[in-house]
Amino acid sequence: MSNEIEPIRDPGLPAHQHRQADTDPIAAQRAERQVAILFGLSAVGTLLLIYSYIFVKSDKFIFIPVLGNTNTQQLGLGMGMAVALFCIGAGAIHWAKTLMPDEEVIAQRHEFRSDDEDRAEFVKTVKSGAASAGLGRRPLIKRSLGVALGLSGLTPLLLLRDLGPLPKDNLQKTSWKAGTRLVTDPGDRPIRPEDLEIGAVAQTLPQLAPGEERTLNNIGKDAVLLIRLRPEEFNLTAERLSWTHEGIIAFSKICSHMGCAVALYEQQTKHLLCPCHQSTFDVTRAAKVIFGPAARPLPQLAITIDADGYLVAQQPFTEPIGPSFWERSS
Amino acid sequence: MTARERIAGNVAGYVDDRTGAAKWMKKNLTKVFPDHWSFLLGEICLYSFIILLLSGTFLTFWFDPSQREVIYDGGYQPLSGLKMSAAYASTLHISFEVRGGLLMRQIHHWAALIFMVGIVVHLLRVYFTGAFRKPREFNWIIGVGLLTLGIVEGFLGYSLPDDLLSGTGIRIAEAIIQALPLVGSYIAFFAFGGTFPGEAFIPRIYTVHVLLLPGIFLALITVHLMLVWYQKHTQFPGPGRTEKNVVGYPLMPVYMAKAGGFFFIVFGVTAFLGAVASINPIWLYGPYTPGQISAGSQPDWYMGWLDGLVRMSPPLETHAFGHTISWNILIPGLILPGIMFTGLALYPFIESWATGDKREHHLLDRPRNTPNRTAIGVMALTFTVVALLNGGNDIIATTFHLTINQMMWFSRIGIVVLPPIAFVITKRLCLSLQRADRDLVLHGRETGRLVRMPNGEFTEIHEPISAEKAWTLTSHEQIAPLELPLADSAGVRRPGALKNKLRNRISRATAVAVSKATETERRELEGHH
Amino acid sequence: MKRLSRLRRHRAAGPILLIFALFTIGTTFQVASAVNSDTTTVAARSATIDEGKQLFLKGCSSCHGLNAEGGQIAPSLIGVGAADVDFQVGTGRMPMADMSVQAMRKKPVYNPEQVNALATYVASLAPGPAVPTDAVLNYERDGSVAQGGELFRTNCAMCHNFAAQGGALTQGKYAPTLMGVEPKQIYEAMITGPQSMPVFSDKTITPAEKLSIIKWIKSTEAEPQLGGTALGRVGPVTEGLLVWTLGIGLLIGVAVWLAMKAR
């Protein structure tokens, strides 16, 4: 015996083993019956679907364990369809497995690589084609074609320009102006400071001028959350404190991270949480970020009361609200 | 010849006269497909795609892709009289007034989830068995493209009904666009036709969702399948299976029946889910308005990892020269996914560069026999799963009485620490499994029967394994590590020495293996006993 | 005096005096009768207050102080009102089982009479929101379900989720599910703001609007399964879980059967 290491040898494809249905006619008949039953079940499924579509009213409910009180029509249609389709599939597969030939077949693979001859021929064809077009010899055509193709690529970009207006200062501004009343959302009722108890919150929007319609675009920028604390709980700069009124503080509800509505206020901890990405803001410190991915506090709206005693904005927001963008300066 | 055969013959003749299809068909009807359950994962994707086309077409007959404001006067009382978009109202109409409409909506949505699950599981199978190697790199790249497009298509699809949850998703997508340096706010304004949410976005993504992307899908899937057909399917190692052949069942009739039957199975299972399990109950979410939000606002699972990454991102933003760059959005929302998908697409080339293996492969690897690849895969998977879990951290926190803060810190640390740990553990596990294979081949199967030897010693009887099994466990190649020269024949350092050194290093790591059992060893042991 | 006599001789003096006289008689009578009927309830009330005080001293004062003035670990209850006590004790949140981050809803320790006594006692310390009566709570009559849904989504869904199933807050706190909560307790929670929950003032969400919210919650609670099992009504997370288990599990199961050789 030589010193060479001998690997374990391939014993080759094992001999084909006959199935029951191949040797036993009774087993074959049984398999045939099973397939037929599956196809028959499928037909029953379709009948259930037809019945549910025509005869079952959409306001009927049936109690099914696990599922609960379920809409009968929806369930009948769905289960009918599921049974109809599944059983066709199961029948076909069972048929293939038990009654169709199950002897494994060997097929040879072919090589993908073309012959060297073909490759050389190909290169020659391409070269001669290119040469006969004269692309190499006529640089003027090549260059002008390049310029033309490049320029034509601008067309779709240009045509897409009218998809929308330029941003201008739209991202920087909201509808809030000095003296705009805060009104409840929904309900549009103006709010007096005494309407809010300590620990109360209110979802607000700017009051509309008569005849104005509120659009979602407005709400997306104007939504403001009012929170009332004890004034001594604030830990604010003098300027920010002057933006509050008797312990009532107002923040933009649009998250400074990705624009979700931040309105999840915890009365005891005085924290605001954004349910989208869990940025947490401390209300007592002008919505400073204390947890999560947001990098900036929520913009604070300066509020006061007007001559009639209703809460109004002292001034517009002093910074853009919502998520950051390139042109944002702070 | 019966009358029926005559008619069939005439039709076939008519077609062949004009197309010459008989020659092609003759060859391909006997095409051989290897049988393994994991080879059907790609079929799950193909069939769900067909289900998506069928059910989606049904939905378009009633869906009104418009953000025009309407007052709801349909049958669902809890929303009666509310303002909403026509898109939302028509989705309610499909759900409650069209018979089978809710079923179709649910089938469509479940099929989308199954489509994405199928893609991921199929990708994992292809990755861990090395089916992406030469000559199948193109198909790997197409697959990665389909995965990426699938995520986009799914997101656009569930955004169409304009409900509170999906509107929140669009809001977040807008924030990602807006965060792009330099052009962000312009692209956002172009995409939305002005300020968010506007009235243009849903009609626009509708066209993309039902026309543009399905068209691209159809083209890519066709090429994907044609390549599979032309290159023939890979097969697992086993007796009689070589790099030069393919062992399995012919298309006609076995594979036609099996694959065709499996289409109905996938459709049936999807219909079953659509019948018994509610999905995307938009009537409960309510119509979208930017002032409202629900606790636990999550995307569908295939976007969940992205949301998880965004959640765990540190609060980084740069403010300089009057401009803002939101790293807290750009890194988790664009840069990391960009790196992940590029790495995924380039993996076949990276591996063949590292191992120096430029040959064709049609026999699959058992994952344990390529410890490095398997470990890298598990590492990437761990990264994604941590991100995905963090995407549902609030639901997990309330279900298991944890805090979202704990979950977040677990994810922030885990996403850095766990993948390398997973790599090391997986690699060791693979090597242990190799050792187990070797023992199995050399010593046979443990029977559990104890025998007392004449000298009083107890031993367990080992049964030798079959020749087929022994071959399956040892047929893989064990490639020696690369030894690229660092210096030329004159002993002078070559220009590419550093690169070669790196490749040698990686190749050495890749080639770590428990040497497989050989016939020689087997015989030696037998002589011993 | 000159001025008075001039007024007396004014043309309108007669009628005005007459109205004044009638008004005085009417109010006096009303006050007298009220005092009369109050004497009995006052007696009953003070008995309830006493009972409440005894219960308070036994069960609550160790944390909230002998006079409900609050302590190191528990807030003052002066001025929280009967509604607050009725909510906290009536839902079993108080007395707390342990000092966890949040008092959990559990089986109430006190029976309704005792809860009433405690509430009356605490309300007697300083005025606060009262327990809403059944007449007030007629949400079926006074509420609008669609308006309630809109209000719920604006004011409540951010914590309690779109279908009132509850959700996570920071540091392990959570907004509880509202399924199976009595209308009275939902109402009390809105006007008192228990624990983490803020107060929803009657001026920003009117009592009628609060009833609408309750009506919507009740309608959502009673809503049958329109599209099959609701999967907890928590959104895409459970849907993803189902498709990764049952969905792909069924399909792979069939695939394994398909590829298995028949015997």
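Sequence order as written defines the numbering, with residues in each chain counted from 1. To read the labels, note that chains go from A and ligands from 1, taken in the order they are written. In keeping with the model being predicted, local features are shown solely for residues with a pLDDT of at least 70 and side-chain atom pairs are shown and tallied solely at 80 or more, while totals for entire chains, interfaces and linings include all residues.

Engineer: Just give me the short version of the overall build of chain C, but keep the residues and values in it.
Structural biologist: Counting its secondary structure elements, chain C contains 11 helices and 2 strands. A helix here means a DSSP run of H or I that spans at least four residues, while a strand means a run of E at least two residues long, and both kinds are numbered starting from the N terminus. Starting at the N terminus and ending at the C terminus, chain C contains elements arranged as α-α-α-α-α-α-α-α-β-β-α-α-α. Counting other C-beta atoms within 10 Å of each residue's C-beta, where C-beta atoms are placed from the backbone, gives the exposure class: buried for 20 or more, exposed for 12 or fewer, partly exposed between. Counting across all 263 residues of chain C, residues that qualify as buried make up 44%. Contact criterion: two residues are in contact if their C-beta atoms, reconstructed from the backbone, are within 7 Å. Pairs at least 24 apart in sequence give 65% of the contacts found in chain C among residues at least 6 apart.

Engineer: Hey, could you go over the overall build of chain A for me, with residue numbers and the actual values?
Structural biologist: Along its length, chain A carries 8 helices and 14 strands. Between the two quantities, the radius of gyration covers C-alpha atoms and the globule rule is 2.2 Å times the number of residues to the power 0.38. A globule of 330 residues ought to have a C-alpha radius of gyration of about 20 Å, yet chain A, at 37 Å, is considerably larger. Overall size of chain A, expressed as C-alpha extent along the three principal axes, is 100 × 80 × 60 Å. The proportion of buried residues among the 330 residues of chain A is 39%. Considering only residue pairs separated by 6 or more positions, chain A has 58% of its internal contacts joining residues 24 or more positions apart.

Engineer: Break down the interface of chain A and chain B for me, citing the residues and quoting the values.
Structural biologist: Many analyses report the size of an interface as the accessible area lost when the parts associate. The partner chain B presents 92 residues to the 79 residues of chain A that form the contact. Of all the secondary structure elements, the ones that give two or more residues to the side of chain A that touches chain B are helix 3 (72-98), strand 3 (105-108), helix 7 (216-222) and strand 11 (288-291) of chain A. Think of it as three bins: nonpolar holds Ala, Val, Leu, Ile, Met, Phe, Trp, Tyr, Cys and Pro, charged holds Asp, Glu, Lys and Arg, and polar takes everything else, Gly as well. Across the side of chain A that touches chain B, the residue classes break down as 50 nonpolar, 19 polar and 10 charged.

Engineer: Describe the domain arrangement of chain A, listing the residues and the values that go with them.
Structural biologist: Where each domain begins and ends follows an automated or database-derived domain assignment. The domains assigned to chain A are domain 1 (20-98) and domain 2 (182-313). One C-alpha centre belongs to domain 1 of chain A, the other to domain 2 of chain A; they are set 57 Å apart.

Engineer: Please give an account of the interface of chain B and chain C that cites residues and values.
Structural biologist: Across the boundary between the two partners, chain B contributes 54 residues, which contact 50 residues of chain C. Residue assignment for the side of chain B that touches chain C shows that the elements contributing at least two residues are helix 5 (101-128), helix 7 (164-178), helix 10 (251-276), helix 11 (282-285), helix 12 (301-312), helix 15 (393-399) and helix 16 (404-443) of chain B. If you tally residues by element for the side of chain B that touches chain C, the top one is helix 10 of chain B, at 8 residues. Across the side of chain B that touches chain C, the residue classes break down as 33 nonpolar, 17 polar and 4 charged.

Engineer: For the nonpolar core, give the residues involved together with the corresponding values.
Structural biologist: Defined on buried residues, the nonpolar core groups Ala, Val, Leu, Ile, Met, Phe, Trp, Tyr and Cys residues joined through C-beta atoms within 7 Å. By size, the foremost hydrophobic cluster in this structure holds 259 residues, and its most contacted members are A:Leu226, A:Val262, A:Ile303 and C:Val122. Top element by residues in this core is helix 5 of chain B. It accounts for 18 residues. Apart from the residues within four sequence positions on either side, A:Val262 is in contact with A:Lys253, A:Cys255, A:Leu272, A:Cys274, A:Phe281 and A:Leu298. Grouped together as the second largest cluster of nonpolar side chains are 6 residues, A:Ile8, B:Ala470, B:Trp471 and B:Leu473 included.

Engineer: Give me the lowdown on the sheet that holds strand 12 (residues 300-301) of chain A, citing residues and values where you can.
Structural biologist: Only when DSSP finds a minimum of two bridges between them are two strands counted as paired. One open sheet holds the 5 strands; their spatial order is 4-5-6-7-12 (chain A), and the pairing between them is antiparallel. Each having just a single partner strand, strand 4 (182-184) and strand 12 of chain A make up the two edges of the open sheet.

Engineer: Quick one: what's the story with the pairing of strand 11 of chain A, residue by residue and with numbers?
Structural biologist: Residue and element names in this part refer to chain A. The pairing of strand 10 (residues 280-282) with strand 11 spans 3 bridges and is classified as antiparallel. Counted as the bridge partner of Asp 282 is Lys 288 from strand 11. Following strand 10, the chain reverses through 5 residues before pairing antiparallel with strand 11; Ala 286 in that reversal takes a positive phi of roughly 55°.

Engineer: Quick rundown of helix 13 (residues 327-355) of chain B? Include the residues and the values.
Structural biologist: Residue and element names in this part refer to chain B. For helix 13, which comprises 29 residues, the first-to-last C-alpha distance of 36 Å sits more than 12% below the rise-based estimate of 42 Å (1.5 Å per residue). Along helix 13, the helix axis deviates most sharply at Leu 346, where the bend reaches about 55°; the proline Pro 348 sits within four residues downstream. All of the buried residues along helix 13 are Asn 328, Ile 329, Leu 330, Pro 332, Gly 333, Tyr 347, Pro 348 and Thr 355. Just past helix 13, the residue Gly 356 takes up positive phi, approximately 75°. Multiplying one less than the number of residues by 1.5 Å gives the expected span of a helix. Working definition for bend: take the seven residues up to and ending at a residue and the seven starting at it, fit an axis to each, and measure the angle between the axes.

Engineer: Tell me about the packing of helix 7 (residues 145-155) of chain C against helix 10 (residues 207-222) of chain C, and please be specific about residues and values.
Structural biologist: Two numbers describe a pair of packed helices, the interaxial angle and the distance between the axes. Residues and elements named next belong to chain C. The contact between helix 7 and helix 10 brings their axes to 7 Å, and the two run at 95°. Relative to helix 10, the element helix 7 is oriented roughly perpendicular. Along its contact with helix 7, which presents Val 145, Gln 147, Gly 148, Gly 149, Leu 151 and Phe 152, the element helix 10 presents Glu 209, Ser 212, Ile 213, Lys 215, Trp 216, Ile 217 and Ser 219. Class assignment of the residues belonging to the contact of helix 7 with helix 10 gives a composition of 6 nonpolar, 5 polar and 2 charged. Comment: axis = line fitted to C-alpha atoms, over the contacting stretch for helices; angle = value between 0 and 180 degrees taken between N-to-C directions. Each angle gets one of four labels, with under 35 degrees taken as roughly parallel, over 145 as roughly antiparallel, 65 to 115 as roughly perpendicular, and the rest as oblique.

Engineer: Any chance you could break down the packing of helix 5 of chain B against helix 11 (residues 236-259) of chain C for me, citing the residues and the numbers?
Structural biologist: Orientation of helix 5 of chain B relative to helix 11 of chain C, taken along the N-to-C sense of each, is 65°, at an axis distance of 10 Å. In terms of orientation, helix 5 of chain B and helix 11 of chain C fall into the roughly perpendicular class. In the crossing of helix 5 of chain B with helix 11 of chain C, the sense of the turn from one axis to the other is right-handed. Taking contact as the criterion, the partners of B:Trp110, B:Leu113, B:Ile114, B:Val117 and B:Val121 in helix 5 of chain B are, on helix 11 of chain C, C:Glu239, C:Gly240, C:Val243, C:Trp244, C:Gly247 and C:Ile248. For the contact of helix 5 of chain B with helix 11 of chain C, the class distribution of residues is 8 nonpolar, 2 polar and 1 charged. Two helices cross in a left-handed way if the nearer one is turned anticlockwise from the farther one by less than a right angle. They cross in a right-handed way if the turn is clockwise.

Engineer: Lay out the sheet that holds strand 10 of chain A in plain terms, naming residues and giving numbers.
Structural biologist: Residue and element names in this part refer to chain A. Strand order in the open sheet made by the 4 strands is 8-9-10-11, with antiparallel pairing throughout. A strand with exactly one partner marks an edge of an open sheet, and here the two such strands are strand 8 (264-266) and strand 11. Neighbouring strand axes in the sheet, compared pairwise and without regard to direction, differ in orientation by 35° on average. As paired elements, strand 8 and strand 9 (residues 271-273) share 3 bridges and run antiparallel to each other. Counterpart to Glu 266 in the pairing with strand 9 is His 271.

Engineer: Mind laying out the pairing of strand 7 (residues 248-252) of chain A, listing which residues take part and the relevant values?
Structural biologist: All names here are of chain A. The element strand 7 is extensively covered by neighbouring structure, given that 5 of its 5 residues are classed as buried. Burial along strand 7 is two-sided: the face carrying Ile 248, Ala 250 and Ser 252 and the face carrying Ile 249 and Phe 251 are both buried. Of the pairings in the sheet, the one linking strand 6 (residues 224-228) to strand 7 comprises 5 bridges and is antiparallel in character. Paired with Leu 226 across the two strands is Ala 250, which belongs to strand 7. Of the pairings in the sheet, the one linking strand 7 to strand 12 comprises 2 bridges and is antiparallel in character. Residue Ala 250 lies in a different strand from strand 12, and its bridge partner there is Leu 301.

Engineer: Would you mind going over unusual backbone geometry in detail, with residue names and values included?
Structural biologist: With an omega of 10°, the peptide bond running from B:Lys134 to B:Pro135 counts as cis. Relative to the helices and strands, B:Pro135 resides in the loop between helix 5 and helix 6 (137-159). Of note, the bond from B:Met252 into B:Pro253 is cis; its omega dihedral lies within 30 degrees of zero at 5°. Positive phi outside glycine occurs at A:Ala287, with the angle close to 60°.

Engineer: Any chance you could break down the environment of A:Leu208 for me, citing the residues and the numbers?
Structural biologist: Residues and elements named next belong to chain A. As for its position among the elements, Leu 208 is in the loop between strand 5 (201-206) and helix 7. Residue classification places Leu 208 among the partly exposed positions, given that 15 C-beta atoms sit within 10 Å. A sequence separation of 28 residues divides Leu 208 from Thr 180, and the C-alpha atoms of the two residues are 8.7 Å apart.

Engineer: Could you give an account of the confidence of the model for chain C, with specific residues and numbers?
Structural biologist: Regions with low pLDDT should not have their predicted coordinates read in detail. All names here are of chain C. Along the chain, pLDDT gives the predictor's confidence residue by residue, from 0 to 100. When pLDDT is averaged along chain C, the result is 85; 85% of the residues meet or exceed 70. Element-level pLDDT for chain C is lowest in helix 1 (residues 2-8), with a mean of 56, against a maximum mean of 96 in helix 11. Interface confidence in the predicted complex, given as ipTM, is 0.93; pTM for the same model is 0.92.

Engineer: I'd love a proper account of the environment of A:Gly136, names of residues and values included.
Structural biologist: Locating A:Gly136 in the fold gives a position in the loop between helix 4 (116-133) and helix 5 (139-152). The contacts of A:Gly136, once residues within four sequence positions are left out, are A:Ala130 and A:Ala131.

Engineer: Describe the domain arrangement of chain C, naming the residues involved and giving the relevant values.
Structural biologist: Residues and elements named next belong to chain C. Here chain C is described as being made up of domain 1 (42-131) and domain 2 (132-225). The C-alpha centroid of domain 2 is placed 23 Å from the C-alpha centroid of domain 1. Taken together, the 15 residues of domain 1 in the interface contact 13 residues of domain 2. Of the residues belonging to the side of domain 1 that touches domain 2, the class tally is 7 nonpolar, 5 polar and 3 charged.

Engineer: How would you explain the environment of A:Pro186 if you had to name every residue and give the values?
Structural biologist: Tracing the sequence through the fold places A:Pro186 in the loop between strand 4 and strand 5. C-beta crowding within 10 Å serves as the criterion here: with 19 such atoms nearby, A:Pro186 is assigned to the partly exposed category. For the pair A:Pro186 and A:Lys127, spaced 59 residues apart in sequence, the C-alpha separation works out to 74 Å. Ignoring sequence-local partners within four residues, the contact set of A:Pro186 consists of C:Glu150, C:Leu151 and C:Thr154.

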